Amino acid sequence: MSLFSDLAREGLWRNNPALVQLLGLCPLLAVSNSVVNALGLAIATLLVLVGSSSAVSLLRHQVPGSVRLPAFVMIIAAFVTCAELLMAAYAYPLYQVLGIFIPLIVTNCAILGRADAFASRHPPLAAAVDGLMMGLGFAAVLIVLGALRESLGQGTLFSDMELLFGTGASRWEIILFADYQFLFFLLPPGAFFVAGLLIALKNAIDQASAARAKPIEAAPKPERRVRVTGTIK
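Residues numbered from 1 in each chain as written. Predicted model: local features only at pLDDT ≥ 70, side-chain atom pairs only at ≥ 80, totals over all residues. Heavy atoms only, no water.

1. Details of a nonpolar patch on the surface
Taken together, the side chains of Phe 158, Phe 165, Trp 172, Ile 174, Leu 176, Phe 177, Tyr 180, Phe 182, Phe 184, Phe 193 and Leu 197 make up a nonpolar region of the molecular surface, amounting to roughly 1000 Å² of accessible area. Turning to its location among the elements, Ile 174 is positioned in strand 2 (residues 174–175). (Patch = residues over 30% accessible without salt bridge, like charges linked within 9 Å, V, L, I, M, F, W, Y side chains within 5 Å. Areas by Shrake-Rupley, 256 points an atom, 1.4 Å probe, with all protein chains shown as cover. Salt bridge = Lys/Arg side-chain N within 4 Å of Asp/Glu carboxyl O. Helix = DSSP H or I, 4+ residues; strand = E, 2+ residues; numbered from the N terminus.)

Here you go:
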């Protein structure tokens with residue numbers, strides 16, 4: 001259980017692929033202008049991470065070291081194809097919006113990095129948990145970034161959710177500011193700006209936690225001087 005708890009802390013916070021490793025920033029910044037886009041890419045990336053990590057772990061003794069990385073890329077590409085076909089079948093409007101960024105999951109360094117650094121060296125259960133936690137950490141940052149950019153850019157939350165969940169989800173939209181649009185946050189410069197704020201916030205929280213955990217040095221006790229009197233014979 002200690003291994004799994006360590007994996008959870010690493011993936012969700014201490015070694016988050018988006019905030020710490022800064023991997024997969026291309027799709028992270030490109031499609032996170034709304035919650036529904038971020039959620040769609042987050043689900044696809046999570047499925048690919050868990051599936052590819054488990055498959056790499058199962059095949060780790062059968063893959064020669066000379067072709068390790070090409071084999072891992074092929075495994076990841078197979079799971080990306082499955083995720084792409086599933087999204088095209090069940091959420092085709094969102095699939096059209098995300099476009100090329102679904103196939104580009106193959107080139108996400110966070111997925112290939114976990115396959116090479118962890119899954120190829122650990123049993124399947126640990127590899128699956130590692131992929132799940134890294135995927136959840138990446139998804140959390142993606143969704144928070146999408147929520148911030150959507151609310152700051154167009155004054156809404158959960159707009160166009162029917163692209164992913166069907167027509168009934170159109171009632172989920174929350175209007176924060178009527179007739180409002182701030183184009184900066186919907187464009188790539190706004191994505192960099194908000195992502196930088198999130199990274200700075202995480203670093204500030206880590207520094208504050210480290211400062212609280214640091215033991216307070218006890219103040220030195222004042223020296224007591226003892227006056228000795230006596231007679232010299």
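Here the narrative resumes.
2. Focus: the environment of Arg 171
Along the chain, the position of Arg 171 falls in the loop between helix 8 (162–165) and strand 2. As a C-alpha pair, Arg 171 and Phe 182 span eleven residues in sequence and 23 Å in three-dimensional space.

3. Section: the nonpolar core
Counting residues in hydrophobic clusters, the biggest one holds 37 residues, and the most contacted among them are Leu 28, Val 48, Ile 105, Leu 142 and Leu 145. Broken down by element, this core gets its largest block of residues, eight residues, from helix 3 (residues 35–58). When near neighbours in sequence (up to four residues on either side) are disregarded, Leu 142 contacts Pro 27, Leu 28, Ser 32, Ala 38, Leu 41 and Ala 42. (Core = buried A, V, L, I, M, F, W, Y, C linked by side-chain atoms within 4.5 Å. Buried < 20%, exposed > 50% of the residue type's maximum accessible area, 1.4 Å probe, protein only. Contact = heavy atoms within 4.5 Å.)

4. Structural notes on the state of the cysteines
For the structure shown, the criterion picks out zero disulfides. Cys 109 carries a free sulfur, and the closest cysteine sulfur to it, the one in Cys 26, is 10 Å from it. (Disulfide = S-S within 2.5 Å.)

5. As for helix 4 (residues 68–90)
An α-helical turn contains 3.6 residues, so any two residues separated by three or four positions project in the same direction. Spanning 23 residues, helix 4 covers 33 Å between terminal C-alpha atoms, matching the ideal 33 Å at 1.5 Å per step. Within the sequence span of helix 4, burial applies to Ala 71, Phe 72, Ile 75, Ile 76, Val 80, Ala 83, Glu 84 and Met 87. Each element contacted by the buried residues of helix 4 is listed here: helix 3, helix 5 (92–98) and helix 6 (109–117). (Expected span 1.5 Å × (residues − 1).)

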